[in-house]
Amino acid sequence: MAEKRTVYFFGSLPNGIEPYYGGGEVGNKRTVDMLRGFGYKVRVVRKLRCKATTPMFVKLLTYPFRFTAYVSAFLFLLIVGSRKAMVHISGYYGSTIFCEYILTEAANLLGYRIIFEIRGECVEAYRTMGCAIHRLCFARILRIPEIVFSQGVESEPFLRTFTDKPIFHYPNYVEADYLPPVLPQKPQGTVNLIYFGRIEAQKNVKLIVEAASILQQSIDISLTIIGKGLHEYVGEVVSLMEQKLKPGTYSFISGYARIGIRNILLDKHFLIFPSEREGQSNTITESMSCGVVPISSPKGFSRTVIGNDRLIINELSAQNYADRILEILADGSYSQLSQFVYERIKANYMQAVIEPKLREQYERLWVG
């Protein structure tokens, strides 16, 4: 009997107890599940993280210990493992680049074939990394793997300045059982707004509340915010909702289960997404799959995923977000836009579209 194909996977993954923390964990879990669905044996080392609610000083104090633990675990796996296995490293930038650099170099020295998957908005992250050592590590990593996976096609010209290796566009996607079989019909009367994801300053969650407050001056709206973050910032968001919005028109839900989010999305009209730092957002793709029209910043790959510049706000202000929603409601284009975003996900960002492409890339590496 032929030896089962094996993948050694390293990246951020959910711990099986808490809700997912960010799109990286969701995307990596989907990758691992697909690889196992292909019949591969996948051995995983999870990058250890703190809870979303953990104070920053605790994260900093524990980081050296967490770093040592997961780097050591993956290095041990590489040393004792079969060199016939494929190594898949899913990485970011900033302070974590040293971890990915160590593991990529080690896998290369030990003779493994390597896939390096870039998560997040690499151009912006590269330009804002703190020192020359970060940039050197990042550049070196891109020259080592057999293939580089990138979430956005926008990154390819930049990546080509570092590597001539194949680049595979590997976007986040929506599972088949998440997509409603038909476009959900949205209720009339009240306009339902939503945001879900990390509750943090870079996501501009307070701006969402301000935009909802402006809209309430002229139309009936409800606002639902779902997620977790540092206790202090979450408290500020909830307090702002209480101050700015009419009683009974808002709700804050701490944490979430993804299937629960899908059910909540069915009657929502707009996603407000003014993020200042983004890769390819699962929040956007999952909302669009339920016919929720996103009004988003252009950060990361959001413009390409959404595919309609009218839904992009280039200048960050609560008034601009509110005005765009009012324009769409006033000119009667909402239903058309809802159908458009639903069909766009169905045609481009579904598991059935992405899965065979991922399998093709892996099969080429196995036989190469």
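Note: the structure precedes this text.
Reading the values: the criteria
Residues numbered from 1 in each chain as written. Predicted model: local features only at pLDDT ≥ 70, side-chain atom pairs only at ≥ 80, totals over all residues. Heavy atoms only, no water. 1 Å grid on protein atoms, 1.4 Å probe; cavity = no way out; pocket = protein on both sides within 12 Å on 5 of 7 lines; lining within 4 Å. Points joined across faces, edges and corners; volume = space filled by probe spheres on them. Nonpolar A, V, L, I, M, F, W, Y, C, P; charged D, E, K, R; others polar. Helix = DSSP H or I, 4+ residues; strand = E, 2+ residues; numbered from the N terminus. Polar contact = N/O pair within 3.5 Å; in protein donor to acceptor, adjacent residues only side chain to side chain. Contact = heavy atoms within 4.5 Å. Buried < 20%, exposed > 50% of the residue type's maximum accessible area, 1.4 Å probe, protein only. Pairing = 2+ DSSP bridges. Axes fitted to C-alpha atoms, helices over the stretch in contact; angles between N-to-C directions. Salt bridge = Lys/Arg side-chain N within 4 Å of Asp/Glu carboxyl O. Core = buried A, V, L, I, M, F, W, Y, C linked by side-chain atoms within 4.5 Å. Parallel < 35°, antiparallel > 145°, perpendicular 65-115°, else oblique. Left-handed = near helix turned anticlockwise from the far one by under 90°.

1. Description of empty space enclosed by the protein
One pass over the structure, following the stated rule, counts 1 cavity of 30 Å³ or more. Within this model, the largest cavity holds a volume of roughly 30 Å³. Gln151, Gly152, Val153, Glu154, His169, Pro171, Gln280, Phe301, Thr304, Val305 and Tyr349 together form the lining of the largest cavity. The class makeup of the residues in the lining of the largest cavity is 5 nonpolar, 5 polar and 1 charged.

2. Side note on the side chain of Gln280
Inspection of the secondary structure puts Gln280 in the loop between strand 10 (270–273) and helix 10 (282–289). At 2.5 Å, the side chain of Gln280 and the backbone nitrogen of Asn172 are in polar contact. If sequence neighbours within four positions are ignored, Gln280 has contacts with Gln151, Pro171, Asn172, Thr285, Phe301, Val305 and Tyr349.

3. Looking at the environment of Leu245
Structurally, Leu245 can be placed in the loop between helix 8 (231–244) and strand 9 (250–254). Under the relative-accessibility criterion, Leu245 is labelled buried at 5%. Spatially, the C-alpha atoms of Leu245 and Ile221 are 9.5 Å apart, while their sequence positions differ by 24 residues. Those residues within four positions of Leu245 in sequence are excluded, and the remaining contacts are Val209, Ala212, Ser213, Gln216, Leu223, Leu240 and Tyr250.

4. A few points about the sheet that holds strand 6 (residues 167–169)
Strands sit in the order 2-1-3-4-5-6 across an open sheet of 6 strands; the sheet is parallel. Among the strands making up the open sheet, the edge pair consists of strand 2 (41–46) and strand 6. The sheet shows a mean angle of 20 degrees between the axes of neighbouring strands, taken without regard to direction. As paired strands, strand 1 (residues 6–11) and strand 3 (residues 86–91) are joined by 4 bridges and run parallel to one another. Of the residues in strand 3, the one forming a bridge with Val7 is Met86.

5. Quick word on the pattern of salt bridges
Evaluated as defined, the whole model comprises 17 salt bridges. One continuous salt-bridge network, built from bridges that share partners, spans Arg30, Glu175 and Glu286.

6. Points about the sheet that holds strand 7 (residues 191–196)
Sheet strands associate in pairs through backbone hydrogen bonding, adopting either a parallel or an antiparallel arrangement. Strand order in the open sheet made by the 5 strands is 9-8-7-10-11, with parallel pairing throughout. Both edges of this open sheet fall to strand 9 and strand 11 (293–296), since each of them pairs with a single strand only. Going from strand to strand, the sheet's axes swing by 20 degrees on average, the running direction of each strand aside. On the sheet, helix 8 packs against strand 8 (221–227) and strand 9 and is oriented at approximately 165 degrees with respect to strand 9.

7. A closer look at the layout of surface pockets
In this structure, the second largest pocket occupies an estimated 230 Å³ of space. In this structure, the second largest pocket is lined by 14 residues; those nearest its centre are Lys186, Gln188, His269, Tyr334 and Ser335. Here the lining of the second largest pocket takes 3 residues from helix 13 (residues 334–348), the largest share from any one element. Here the lining of the second largest pocket is composed, by residue class, of 6 nonpolar, 7 polar and 1 charged.

8. Focus: the nonpolar core
Among the nonpolar cores identified, the biggest contains 56 residues, and Leu193, Leu223, Ile225, Phe270 and Ile295 are the most heavily contacted of them. With 7 residues, helix 7 (residues 205–215) is the single largest residue contributor to this core. Grouped together as the second largest cluster of nonpolar side chains are 32 residues, Phe74, Leu103, Ile141 and Leu159 included.

9. As for the packing of helix 10 against helix 13
Running from amino to carboxyl end, helix 10 crosses helix 13 at an angle of 115 degrees, the nearest separation of the two axes being 7 Å. Between helix 10 and helix 13, the angle falls in the class roughly perpendicular. In this structure, helix 10 meets helix 13 at a crossing whose hand is left-handed. When helix 10 is examined against helix 13, the residues Thr285, Met288 and Ser289 are found in contact with a partner set consisting of Val341, Tyr342, Arg344 and Ile345. The class makeup of the residues in the contact of helix 10 with helix 13 is 4 nonpolar, 2 polar and 1 charged.

10. Brief notes about the packing of helix 2 (residues 56–80) against helix 3 (residues 97–109)
Pairs of packed helices are described in terms of their axes, by the angle between the two and the distance that separates them. Where helix 2 contacts helix 3, the two axes come as close as 10 Å, and the packing angle between them is 10 degrees. Considered as vectors, helix 2 and helix 3 are oriented roughly parallel to each other. Helix 3 is crossed by helix 2, and the crossing has right-handed handedness. Counting all contacts with helix 2, which are made through Phe67, Tyr70, Val71, Phe74, Leu75 and Leu78, the residues of helix 3 involved are Phe98, Cys99, Ile102, Leu103, Ala106 and Ala107. Split into classes, the residues belonging to the contact of helix 2 with helix 3 amount to 12 nonpolar, no polar and no charged.

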